[in-house]
Structures are given as C-alpha cells and as structure tokens.
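Architecture and fold: a report
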Amino acid sequence: MADQQVRFCGSFDGAQIAFAVSGSGPPVVMLPNWLTHLEQQWRSVAWRPWLDALSTRYRLIRYDPRGCGLSDRNVDSLSFETWVRDFGAVVDALQLDRFSLIGICQGGPIAIEFVARQPHRVSHLVLYGTYARGRFRRTTNPEEPQKAQVMLDMMRLGWAQEDHAFMRAFATQFQPDGSLEHLRSWCDLQRAATSAANAVQLSRVMFDVDVLPSAAGLTCPTLVAHADRDAVVPLEEGRLLAQSIPGARFLQLDSPNHFMLPEEHAWKTFVDALQAFLPQPVTEDGSFAELTERERELLHFLARGLDNHQIAAHLSVSEKTVRNHVSSIFAKLGVDSRARAVVMARDAGYGAGAPEH
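Residues numbered from 1 in each chain as written. Predicted model: local features only at pLDDT ≥ 70, side-chain atom pairs only at ≥ 80, totals over all residues. Heavy atoms only, no water.

**Topic: the pairing of strand 7 (residues 222-227)**
Taking burial as the measure, the 6 residues of strand 7 include 6 buried ones, the bulk of the element. Burial along strand 7 is two-sided: Thr-222, Val-224 and His-226 facing one way and Leu-223, Ala-225 and Ala-227 facing the other are all buried. The pairing of strand 7 with strand 8 (residues 249-253) spans 5 bridges and is parallel. Residue pairing in the sheet places His-226 in a bridge with Gln-252 of strand 8. Handedness of the crossover joining strand 7 and strand 8 through helix 9 (residues 235-244): right-handed. (Buried < 20%, exposed > 50% of the residue type's maximum accessible area, 1.4 Å probe, protein only. Helix = DSSP H or I, 4+ residues; strand = E, 2+ residues; numbered from the N terminus. Pairing = 2+ DSSP bridges. Right-handed = clockwise from strand over helix to strand, strands pointing away.)

**A word on the environment of Phe-277**
Its location among the elements puts Phe-277 in helix 10 (residues 265-277). Separated by 152 residues in sequence, Phe-277 and Leu-125 have C-alpha atoms that sit 9.3 Å apart. Beyond its immediate chain neighbours, meaning those up to four positions away, Phe-277 contacts His-124, Leu-125, Val-126, Pro-221, Thr-222 and Leu-223. (Contact = heavy atoms within 4.5 Å.)

**Examining the packing of helix 12 (residues 293-303) against helix 14 (residues 319-333)**
At a minimum axis distance of 10 Å, the contact between helix 12 and helix 14 shows a crossing angle of 95°. Relative to helix 14, helix 12 is oriented roughly perpendicular. Across from Arg-294, Glu-295, Leu-298, Leu-299 and Leu-302 in helix 12, the residues of helix 14 making contact are Val-322, His-325, Val-326, Ser-328, Ile-329 and Lys-332. Of the residues in the contact of helix 12 with helix 14, the class split is 6 nonpolar, 2 polar and 3 charged. (Axes fitted to C-alpha atoms, helices over the stretch in contact; angles between N-to-C directions. Parallel < 35°, antiparallel > 145°, perpendicular 65-115°, else oblique. Nonpolar A, V, L, I, M, F, W, Y, C, P; charged D, E, K, R; others polar.)

**Remarks on empty space enclosed by the protein**
In the structure shown here, the tally under the stated rule is 2 cavities of 30 Å³ or more. When its volume is computed, the largest cavity comes out at roughly 180 Å³. If you trace the largest cavity, you find 16 residues lining it, with Trp-34, Arg-135, Met-206, Phe-207 and Val-232 closest to the centre. When contributions to the lining of the largest cavity are tallied by element, the ones reaching two or more residues are helix 4 (144-158), helix 5 (165-174) and helix 7 (196-207). Across the lining of the largest cavity, the residue classes break down as 11 nonpolar, 3 polar and 2 charged. Counted as a void, the second largest cavity has a volume near 50 Å³. Taken together, Met-30, Leu-31, Pro-32, Thr-36, Leu-38, Gln-41, Trp-47, Arg-62 and Tyr-63 make up the lining of the second largest cavity. Mapped by element, the contributors of at least two residues to the lining of the second largest cavity are strand 3 (27-31) and strand 4 (59-63). Residue composition of the lining of the second largest cavity, by class: 6 nonpolar, 2 polar and 1 charged. (1 Å grid on protein atoms, 1.4 Å probe; cavity = no way out; pocket = protein on both sides within 12 Å on 5 of 7 lines; lining within 4 Å. Points joined across faces, edges and corners; volume = space filled by probe spheres on them.)

**Here's the deal with the packing of helix 12 against helix 13 (residues 308-315)**
One can describe the packing of helix 12 onto helix 13 by two numbers: an axis separation of 10 Å at closest approach and a directional angle of 130°. Classed by the angle they form, the pair helix 12 and helix 13 counts as oblique. The chirality of how helix 12 crosses helix 13 is right-handed. Listed contacts from helix 13 to Arg-294, Glu-297, Leu-298, Phe-301 and Leu-302 of helix 12 are Ile-311, His-314 and Leu-315. Along the lines of polarity and charge, the residues of the contact of helix 12 with helix 13 split into 5 nonpolar, 1 polar and 2 charged. (Left-handed = near helix turned anticlockwise from the far one by under 90°.)

**Digging into helix 14**
Compared with an ideal rise of 1.5 Å per residue, which puts 15 residues at 21 Å, helix 14 spans 21 Å between its outermost C-alpha atoms and is within 8% of the ideal. Along helix 14, the residues that are buried comprise Val-322, Val-326, Ile-329, Phe-330 and Leu-333. Down the axis, helix 14 shows its buried residues gathered within 100° of arc, on one side only. What points out from helix 14, more than 90 degrees from its buried face, is the exposed set Lys-320 and Ala-331. Looking at the residues trailing helix 14, positive phi occurs at Gly-334, about 70°. (Expected span 1.5 Å × (residues − 1). Arc of directions from axis to C-beta.)

**Details of the packing of aromatic side chains**
Counting across every chain of the model gives 15 aromatic pairs. With centroids separated by 4.9 Å and ring planes inclined at 70°, the aromatic side chains of Trp-47 and Phe-259 adopt a geometry described as edge-to-face. Residue Trp-47 is located in the loop between strand 3 and helix 1 (48-55), and its partner Phe-259 is located in the loop between strand 8 and helix 10; the two are separated by 212 residues in the primary sequence. Each member of the pair, Trp-47 as well as Phe-259, is classed as buried. (Phe/Tyr/Trp six-rings, centres within 6.5 Å; stacked < 30°, edge-to-face > 60°.)

**What to know about the sheet that holds strand 3**
The 8 strands are arranged 1-2-4-3-5-6-7-8 in an open sheet whose pairing can be described as mixed. In this open sheet, the two strands that pair with only one neighbour each are strand 1 (5-10) and strand 8. For this sheet the average axis-to-axis angle between neighbouring strands, irrespective of direction, equals 20°. Direction of pairing for strand 2 (residues 16-22) relative to strand 4: antiparallel, over a ladder of 4 bridges. By the bridge assignment for strand 4, Phe-19 is matched with Tyr-63. Together, strand 6 (122-128), strand 7 and strand 8 form the strand contacts of helix 9, whose direction differs from that of strand 8 by roughly 165°.

The quantities given are spatial measurements derived from coordinates; they are silent on function.
Put into structure tokens, the structure is as follows:
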C-alpha cells in the first residue's frame, strides 16, 4: 500500500474521520467519492491506477467520508454541509495551508464548495468525471430524477451481491469495458465500504447538491476532465462545470469508462495532463535520495519548524526515536546543525503545505 499511514481526526461534531497519507512530494488531496475504503482501494483494480499514479509523485492525502470505510459509520448528521466540514477537519489536522485538490464524482462538489469558502488554501483544482448539479437537480433532463430513484431502489436490494442485477448494472455503468475481475473488485469494495442503508443515504445527499453558484466564483487554476461516453455523469454536466468556472481548462477524453482502464490511451492522456497541470515534484540530489520514507516524513516536520517533542507527538513515537532519526538525517545531508538542515529541506521543497510553528 505504498507505505500508507492511516490516522484519525475528530470533526466538528466529534465524528471520527479516517485519513491516509502515502508517497512524498507536493501535497495533493484526493476527495472521496461516495464509495471508499482507504485500505480496500489499494486492492481494487479500478482504484489502483489512480493511487499508483499519484503516490509515486506526490504526497497523496485521502480520507473516508462519514458513514463509509474506516470513518465513523453510525453518525447522526449526514449532509453536504457535514461533508465540506469533515474535509476541512482533515486538512486542518494535517496542518495543510496550501495544497492541490482533486475531486472525482461526488468529490467534485465538495471540492468546489471548499475552494469557494477558502480560496487561499488551494493552489490547483482538478475535477474529473464530476458535476455541479446532483441527479435530482438536473432539470434539463426530466428523466434524470426518475432514473436516480430507480438506482436507489436497486441499491437497497442488491448492494454488494455479485450475482444481482444491480451489481452488474453498477459495474457496467462505471466500467463498461471492465472484466469479471473489475465486477468482483467493485463488489468487494462495496462490501467493505458501507452498508446498503448508508449507501442509499449517502446517495440521496449526493443527488441533491447544486454548487453552480459557488463554481462561478472560483479563481484558482482548474482542470476539468471528462470521458465523452461516461454513463455515470453525462458529458454535458462536465462541460457545464467547465463553462461555469472562470478560466477552467476542459479536457474531453475518448472513453466509455467513468473509471478509465490503465491500458486505455485516454488514461495516459489524462495522467500526462494531470502531471503537467499539478505542481512539479522537486528533483532531489543524492543526499536526499538516501533518506528513508520515515526520514522524509520527519524532514517535512523539521522544515515546518517543529521541535522534537512536537514531532514525536505527530508521529506517535518517543523523543529518543526522533533524535535518532534527526541524527541520521544530519549525517546523510552532511550538515551539523538543525538550522542548516531546515534551510536545505525547504530549498528542496520539504515542509510545503503547512504553516510555520
């Protein structure tokens, strides 16, 4: 799982939200769609290409929404507002003051609303296969709310059942070019992610959002990408989103798959565009290349100005362990003082995305 580290934070109402960090480089937060499980996604043939592409170049942050995955399943409050506030709790817990943001499907409206409220924190916004209007709000297509209700009814009856018509319809919508392995992978993810009752409740919230007014006020660089034959989110919703965000770039992808397959040319086109759009990872010299993953993580905290006691608290280790890591970092970087290590680290891009302490 690319040395993924799972942690928890309390949201505004005490709900525990699980988040994970993997990889190193410029911080990139990938917002959840409605079906996530931080550990199971690494075993999903649908999700793995995304996680590999991002974790190899960036410090990737993901989280499970309330009611799903490793986050609290039984919560009293479940609404679009709680989704936005839960996301704020995660980035606050990580002390991220500036980062890139990726919204996929349900994650798109959350991303848009968060950027509208806190524009200073997001440097680049990527919106893939997503929308500003949920299915209940797409009045230009009078059949859409009715189709959404049918989906909810099928969901109640066939959730995570591989041989059920709902599961086949679900997998076919998300990946019509997928294999039997993809069908089973989606079924496994459903089973791990949440219950049928929670899935229906999450979907109702998702179907009722409308963030078009917020989208019109965004000012950060934005890339909107959409598969041209996406059966989950119609192409016209992607176009509407790109038209609504001032200066947004629209990338239309030649694919019928909501989650593209890694062998598709469209996937390579998208990954190339994504990597060109997001901040570039710092090229490290030999001394930084010798650092272990744990030492890299610790160096981020050093670059932010945290002392050993604070770093130990963040990493849940002893101060003696931190001192040992710091000594090893000094030796590998060829420095004899903390100040010099901090300067070198910041010059190399460490500590980005968090406030000074």
